[in-house]
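Coordinate inspection notes
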Amino acid sequence: MSNSSDCAVVVLAAGAGTRMKSDKQKTLHEIGGRSLLSHSLHAAAGIEPEHIVAVVGHQRDQVSPAVDKVSEEIGREVKQAVQEEQNGTGHAVQCGLAPIVGYTGTVLVTNADVPLLQSDTLKSLVKAHEENKAAVTVLSLKLDNPTGYGRILRDADGNVQEIVEEKDASNEQKQVTEVNSGVFAFDGAVLADALTRIDSNNAQGELYITDVLGIARNDGKVVSAHIAQDPRELAGVNDRVQLAEAGAELNRRTVEAAMRGGATIVDPRSTFIGVDVKIGRDVVIHPNTQLWGATVIADRAEIGPDTTLTDMIVGEGASVVRTHGSESEIGAQATVGPYTFIRPKTVLGERGKLGGFVESKNAQIGAGSKVPHLTYIGDATVGEESNIGASSVFVNYDGVHKHQTNIGSYVRTGSDTMFVAPVTVGDGAYTGAGTVVLKDVPAGALAIKEGRQRNIEGWVEDKRPGTPAAQAAQRARENSTKQEG
């Protein structure tokens, strides 16, 4: 086989996808944390071809920027070709060849709505195509129920004669179980010539790419089929049901790969892992956990249950329970949760803690420091080994601007402390319970806010007569009088 760089890939992404019943173009729907389009372009890039071309058309105002985004992700150019009117797959491929006109190497044609297709399968198709010195090789699959697919018709010697679409097939042809996946390898020169000779004389009145096979065969060239080992890779997505089915299969593979890589996943059925997530060894993932984006889970971390992390970094041995987090970092041996909300730009140092019912945002919390419970911390820095008392609030927003709070190391703050930013609390300082910190606290100082307590005797019985509280107060006073007597 020649180097995989000696081929080009044309990805068809111009269709309307009306069965999705969506304002979003079909190939932009997601499974496993990527769009269908992204999965297809990543698979194409995996064989390191000389060219990648995406054919866009319907709702290209949505699709073209998505292609550019994937191009950045994979670090290489993806050319775009526009199919102004969707006149069939043959017409789409004609459009796709325009940016690489004159290319005579192997041309792979794939579809952006086949998200499970792997790079290795494309490599094996190219290998079979070149070893057979074929003009056309179709990637085929065998199905117990081939309804809806174009049938592969072979002659008595097993050579491919043609592909007939189901709407054009006879009853006898419909019994054939080997079907067209819609993925092909072509000799570039043969493809370019044959596309000028196809016509729309069929039930749909469209130009079919499959007609190229018959033209090549009539010209005396080799036409072959390469049967895919796993038919599930070639499942197309045309509606929401198929989207869910493809997503479930992709997730099954991703979860299985994590387990084979050394992670314990307690309940694979309720665990969802995106394809870009990285999971270390001896990680334990509990039920109802979702990991998305570029999340990285280091060795021996424990995640879940009931946790969703997106674009998070979790350090070695950390524990994250019943937490929603995004675009943030949790240090080694740190503990988070339960019922914790981590917003972007939070950095929790090693051995740190974000406890129950804590919300954080744009906060850098030093090693060993703790925000144990019932607290909001935002636009703040906390040094090492400090403890923020329960029910504290970092008052960072004045209605117009956000302001910063800086807490030093070895600080101890009392429950229900309000830090009214901008404010700094020095190293080793303390605050009393209920303190509203309006100005800086020097290192080692105690900040308190005192107010005299005043008791108004008889207020409940006077203002709330007849209530259970008034009756209880009266009984308590009577009992007290008896004891004094």
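**Description of unusual backbone geometry**
The omega torsion across G337 and P338 is 5°, close enough to zero to call that bond cis. For P338, the location among the structural elements is in the loop between β24 (335-336) and β25 (340-342). Of note, the bond from A421 into P422 is cis; its omega dihedral lies within 30 degrees of zero at 0°. For P422, the position within the fold is in the loop between β34 (418-420) and β35 (423-425). A positive phi angle, close to 65°, is found at Q333, a residue other than glycine. Counting through the fold element by element, Q333 comes out in the loop between β23 (329-330) and β24. Notably, D379 is not glycine yet its phi reads approximately 50°, a positive angle. With relative accessibility at 7%, the residue D379 sits in the buried group.

**Points about the pattern of salt bridges**
Throughout the structure, instances matching the rule amount to 24 salt bridges. A salt bridge links E84 to R60; the shortest N-O distance between them is 3.4 Å. With a gap of 24 residues between them, E84 in the loop between β5 (79-82) and α3 (89-97) and R60 in helix α2 (residues 60-74) connect regions that are remote in the sequence. The closest approach of N and O atoms between R154 and E178, which form a salt bridge, is 2.8 Å.

**A word on the environment of A445**
Structurally, the position occupied by A445 is in the loop between β37 (436-437) and β38 (446-447). The class of A445 is partly exposed, set by a relative accessible area of 23%. Considering only alpha carbons, one finds A445 and G46, 399 residues apart in sequence, at a separation of 61 Å. Setting aside residues no more than four positions away along its own chain, A445 makes contact with A429 and Y430.

**Considering the nonpolar core**
Generally speaking, a soluble globular protein has its nonpolar side chains buried in company with each other. Core analysis: the largest hydrophobic core is formed by 41 residues, its most contacted members being V314 and I330. Per element, the largest residue contribution to this core is three residues, and it comes from strand β30 (residues 376-382). Contacts of I330, omitting those with residues within four sequence positions, involve M312, I313, V314, G315, A318, V320, V336, I342 and L348. Grouped together as the second largest cluster of nonpolar side chains are 36 residues, V10, V93, I198 and A225 included.

**Focus on the pairing of strand β9 (residues 160-164)**
Bridge count between strand β8 (residues 151-154) and β9: four bridges; the pairing is antiparallel. Bridged to R154 within β9 is V160. Remark: five residues form the turn of the hairpin made by β8 and β9, two consecutive strands paired antiparallel; G158 in that turn has positive phi of roughly 90°.

**A look at the sheet that holds strand β36 (residues 430-431)**
An order of β33-β36-β38 is seen for the three strands of this open sheet, with the pairing classed as parallel. Two strands bound the open sheet, and with one partner strand each, they are β33 (412-413) and β38. The pairing of β36 with β38 spans two bridges and is parallel. Considered in β38, the bridge of Y430 is made with L446.

**Some words on α2**
Given 3.6 residues per turn, any residue in an α-helix points the same way as the ones three and four places further on. The end-to-end C-alpha separation of α2 is 20 Å, in line with the 21 Å expected for 15 residues at 1.5 Å each. Buried residues of α2: V63, S64, V67, V70 and S71, and no others. On an axial view of α2, the arc spanned by its buried residues comes to 125°, and they lie on one face. Within α2, the exposed residues directed more than 90 degrees away from the buried face are D61, K69 and E72. The positive-phi residue at the C-terminal boundary of α2 is G75, with phi of around 70°.

**Details of helix α1 (residues 36-45)**
Counting buried residues along α1, 10 of its 10 residues qualify, which places the element largely inside the surrounding structure. Within the span of α1, buried status applies to L36, L37, S38, H39, S40, L41, H42, A43, A44 and A45.

**Notes on the side chain of T405**
With respect to the element layout, T405 can be found in strand β32 (residues 405-407). Setting aside chain neighbours within four positions, we find T405 in contact with D379, A380, T381, F394, F419, A421 and V423.

**Observations regarding the sheet that holds strand β21 (residues 319-320)**
With respect to topology, seven strands assemble into an open sheet ordered β12-β15-β18-β21-β24-β27-β29, the strand pairing being parallel. The two strands at the open ends of the sheet, each matched to only one other strand, are β12 (264-265) and β29 (370-373). Inspection of the sheet shows strand β27 (residues 353-356) paired to β29 by three bridges, in the parallel sense. If you follow L354 over to β29, its bridge partner there is V371.

**Overview of a nonpolar patch on the surface**
On the surface, a nonpolar cluster with roughly 350 Å² of combined accessible area is contributed by Y339, F357 and L374. Within the secondary structure, Y339 sits in the loop between β24 and β25. Taking the relative accessible area as the measure of exposure, Y339 reaches 48% and is therefore partly exposed.

**Details of the side chain of T307**
Inspection of the secondary structure puts T307 in strand β19 (residues 307-310). In terms of polar contacts, T307 uses its side chain to reach the backbone amide nitrogen of T323, at 3.3 Å. With residues up to four places along the chain from it excluded, the contact list for T307 reads N288, T289, Q290, V320, V321, R322 and T323.

Here is what the cut-offs are and how they apply
Residues numbered from 1 in each chain as written. Predicted model: local features only at pLDDT ≥ 70, side-chain atom pairs only at ≥ 80, totals over all residues. Heavy atoms only, no water. Helix = DSSP H or I, 4+ residues; strand = E, 2+ residues; numbered from the N terminus. Buried < 20%, exposed > 50% of the residue type's maximum accessible area, 1.4 Å probe, protein only. Salt bridge = Lys/Arg side-chain N within 4 Å of Asp/Glu carboxyl O. Contact = heavy atoms within 4.5 Å. Core = buried A, V, L, I, M, F, W, Y, C linked by side-chain atoms within 4.5 Å. Pairing = 2+ DSSP bridges. Expected span 1.5 Å × (residues − 1). Arc of directions from axis to C-beta. Patch = residues over 30% accessible without salt bridge, like charges linked within 9 Å, V, L, I, M, F, W, Y side chains within 5 Å. Areas by Shrake-Rupley, 256 points an atom, 1.4 Å probe, with all protein chains shown as cover. Polar contact = N/O pair within 3.5 Å; in protein donor to acceptor, adjacent residues only side chain to side chain.

Without other data, these values stay purely geometric and don't point to any function.
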